[in-house]
Amino acid sequence: MLKRVLLSETDLPDRWYNILPDLPTPLPGPLNPVTMAPLQPGDLVDLLPQKVIEHEFTQDRWVEIPERVRDVYKIWRPSPLVRAERLERALDTPAHIYFKFEGVSPSGSHKPNTAVVQAYYAAEEGVRRLTTETGAGQWGSALSFAGALFGLEVNVYMVRASFEQKPYRKSLMQSWGAQVYASPTRRTEAGRQVLEQDPDSPGSIGIAISEAVADALSRDDTKFALGSIMNNVLLHQSVIGLEARKQMEIMGEYPDVVIGCVGGGSNYAGLAYPFLRDRLSGERPRTRFVAAEPEACPTLTRGKLAYDYPDTTGLTPPLYMHTLGHGFIPGSIHAGGLRYHGDAPSLCLLKEHGLVEARAFPQTEIFDAAVRFARSEGFVIAPESSHGLKAALVEALAAREAGEERVILFNISGHGNFDLAAFDSFLAGTMENPTVTDEQIAASLSDLPSPSASV
């Protein structure tokens, strides 16, 4: 039995896959946040590099990966595909469980797959400085790494709850030369508004985006970089699934179910979309797709499909997505990268068409799954990835109950080496399960933007 499939550098994809032309119905486009009319590419020139804007709007199914980006990818890509046969034995399941391991990148997650691209295009355009948000710190770390490679100053607004939970993420970002701020801050009007209402605010990814966007728009030498939900980000992340398809072929198997965690959708789309292409084409009509999220931030399972701002103060183009409301502030769960109020519009559309299933899990259950995995496969994985692992365990145990073989593929989007304080809490029995009520969600949804009649 092969344990791992390691592709060579020559197997690194030379094109990204764009799912937009293969969607079952056209994707509702973003809106101009000022006029609420359909957003035009020119509306984003003050915020994003030109090539990133082109990637955001392209309808090309395949987009060439620049050679300089591929050269950087080779630092850690292709990433391994691993058969979790020890976990299979521990579960006594006939299922075959595979995981794609993205924790091998320099910053420890899948995030550099797009961070390198955005930093490269910014540097090519003569940009001197990038701003961004980060939740758990994986995206901020990735952009800090990419910025160092291309000589860019990087300023990261890190959600305060994660800033306090994960201090060594800040150290990692600073090692690559980034400036890191606990958001909300008093550096921006957006941050000051939040702090006036709640001086002890734990922050949210939406607040951090507002601050990073405001910072970027205040200077001519600066652009903004976003780590999830946007079409261009999901495009860049498709390198994960393109590699995984080739690796599954080498293993002589094809997944019956493809699983990953979802906060905004970048790592899950990266793995799933190249396989979803097979289902959308009719080549593999039976493959199932499961997206796992926290009960404390249940966007796909309990959110409303509507236009909403990606940030808290309404500086960014409204997207048609499952949302809990742009003012929603989740409980301080340890999976900081999943504490986001919305999801990628393309993923939401696929969910509405019944092509993606969504499941939500409480915090203690995902840490129980992570410890189980560590004691069989050895890796301590990120709390975010542990949601996908939990969904994979559910599928494996269902296969055992049904007495049927089932090929399960899930994504480990990052390692948990900076999350040991969270594991301390779980192992000590002090970890809590934050929840959200229907009333809280309804209140947060009461302030959604109103699209113009022309949309």
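Under an unreviewed UniProt entry, the chain has the name Tryptophan synthase beta chain and belongs to Streptomyces canarius. You can read under Pathway (unreviewed entry) in the UniProt record for the chain the words "Amino-acid biosynthesis; L-tryptophan biosynthesis; L-tryptophan from chorismate: step 5/5."

Here we come to the overall build of the chain. When its secondary structure is counted, the chain shows 18 helices and 15 strands. Viewed in the frame of its principal axes, the chain has a C-alpha envelope of about 55 × 50 × 45 Å. Residues classed as buried in the chain amount to 62% of the 455 residues present. Expressed as a percentage of contacts within the chain between residues at least 6 apart in sequence, the contacts between residues at least 24 apart total 77%. Within the structure as shown, the chain displays about 16400 Å² of accessible surface, and the carbon and sulfur contribution to it stands at 47%. Each charge class in the chain was averaged separately, 42 positive and 56 negative side chains, and the resulting centres sit 4 Å apart.

Turning to the packing of helix α15 (residues 363-377) against helix α16 (residues 383-402), a few remarks are in order. Packing of α15 against α16 leaves a shortest axis separation of 8 Å and a crossing angle of 80°. It follows from the interaxial angle that α15 and α16 lie roughly perpendicular. Taking contact as the criterion, the partners of Glu365, Ile366, Phe367, Ala369, Ala370, Arg372 and Phe373 in α15 are, on α16, Pro383, Ser386, His387, Leu389, Lys390 and Leu393. Here the contact of α15 with α16 is built from residues that sort into eight nonpolar, two polar and three charged.

What follows covers the packing of aromatic side chains. Given two aromatic rings, one states the distance between the centres and the angle between the planes to describe the pair. By the definition in use, this model includes 17 aromatic pairs. Where Tyr120 meets Phe150, the ring centres are 5.8 Å apart and the plane angle is 55°; that geometry is what we call tilted. In this pair, Tyr120 is assigned in helix α4 (residues 112-124) and Phe150 in the loop between α5 (138-149) and β7 (153-159), connecting sequence segments 30 residues apart. On the basis of relative accessibility, which here comes to 11%, the residue Tyr120 falls in the buried class. When the ring of Tyr307 is compared with that of Tyr320, the centres are 5.2 Å apart and the planes differ by 50°; the resulting orientation is tilted. One end of the pair, Tyr307, is in strand β12 (residues 304-308); the other, Tyr320, is in strand β13 (residues 319-323), and 13 residues separate them in sequence. Ring pairs connect the aromatic residues Phe99, Phe101, Phe373, Phe379 and Phe410, which therefore count as one cluster. Across from the ring centre of Trp62, 4.4 Å away, lies the NZ or CZ of Arg15, which sits over that ring. Stacked on the ring of Tyr181, the Lys or Arg Arg187 has its end atom at 4.0 Å from the ring centre.

By size, the foremost hydrophobic cluster in this structure holds 93 residues, and its most contacted members are Trp16, Tyr73, Phe224, Tyr273, Phe275 and Leu276. In this structure, Val82, Ala369, Ala399 and Phe426 belong to the second largest nonpolar core, which totals 33 residues.

Turning our attention to α15. For an α-helix, 3.6 residues make a turn, and residues three or four places apart therefore share a direction. Here α15 is 15 residues long and its end C-alpha atoms lie 21 Å apart, about the 21 Å a rise of 1.5 Å per residue gives. Among the residues making up α15, those that are buried are Gln363, Ile366, Phe367, Ala369, Ala370, Val371, Phe373, Ser376 and Glu377. Phi turns positive one or two residues past the end of α15, at Gly378, with a value near 95°.

Turning next to the pattern of salt bridges. In the structure shown here, the tally under the stated rule is 32 salt bridges. For the salt bridge of Glu401 with Arg400, the shortest nitrogen-to-oxygen distance reads 3.9 Å. On the basis of relative accessible area, Glu401 is assigned to the exposed category, the value being 64%. On the basis of relative accessible area, Arg400 is assigned to the partly exposed category, the value being 36%. Taken together, the shared-partner salt bridges connect Arg128, Arg129, Glu153, Arg187, Asp215, Arg219 and Asp221 into one network.

When you line up the elements, Ser266 lands in helix α12 (residues 266-280). Apart from residues no more than four positions distant in its own chain, Ser266 is found in contact with His110, Lys111, Gly227, Ser228, Val233, Leu234 and Gln237.

Now for helix α14 (residues 345-352). Of all eight residues that make up α14, six are buried, and the element is covered over most of its length. Among all positions of α14, only Pro345, Ser346, Leu347, Cys348, Leu349 and Leu350 are buried. Residues of α14 that are buried in the fold lie against α10 (231-237), α12, α13 (299-302), β12 and β13. Downstream of α14 by one or two residues, Gly354 has phi in the positive range, about 75°.

It is worth spelling out the state of the cysteines at this point. All told, the structure shown has zero disulfides when counted by the stated rule. A disulfide-free cysteine, Cys297 has its sulfur positioned 12 Å from the sulfur of Cys348, the nearest such atom. A residue is classified by how much of its surface remains accessible, and Cys348, at 0% relative accessible area, is buried.

About the thresholds
Residues numbered from 1 in each chain as written. Predicted model: local features only at pLDDT ≥ 70, side-chain atom pairs only at ≥ 80, totals over all residues. Heavy atoms only, no water. UniProt positions renumbered as here; feature names shortened; annotations may be inferred. Helix = DSSP H or I, 4+ residues; strand = E, 2+ residues; numbered from the N terminus. Buried < 20%, exposed > 50% of the residue type's maximum accessible area, 1.4 Å probe, protein only. Contact = heavy atoms within 4.5 Å. Areas by Shrake-Rupley, 256 points an atom, 1.4 Å probe, with all protein chains shown as cover. Lys, Arg positive; Asp, Glu negative; His and termini not counted. Charge placed at Lys NZ, Arg CZ, Asp CG, Glu CD. Axes fitted to C-alpha atoms, helices over the stretch in contact; angles between N-to-C directions. Parallel < 35°, antiparallel > 145°, perpendicular 65-115°, else oblique. Nonpolar A, V, L, I, M, F, W, Y, C, P; charged D, E, K, R; others polar. Phe/Tyr/Trp six-rings, centres within 6.5 Å; stacked < 30°, edge-to-face > 60°. Lys NZ or Arg CZ within 6 Å of the ring centre and 35° of its normal. Core = buried A, V, L, I, M, F, W, Y, C linked by side-chain atoms within 4.5 Å. Expected span 1.5 Å × (residues − 1). Salt bridge = Lys/Arg side-chain N within 4 Å of Asp/Glu carboxyl O. Disulfide = S-S within 2.5 Å.

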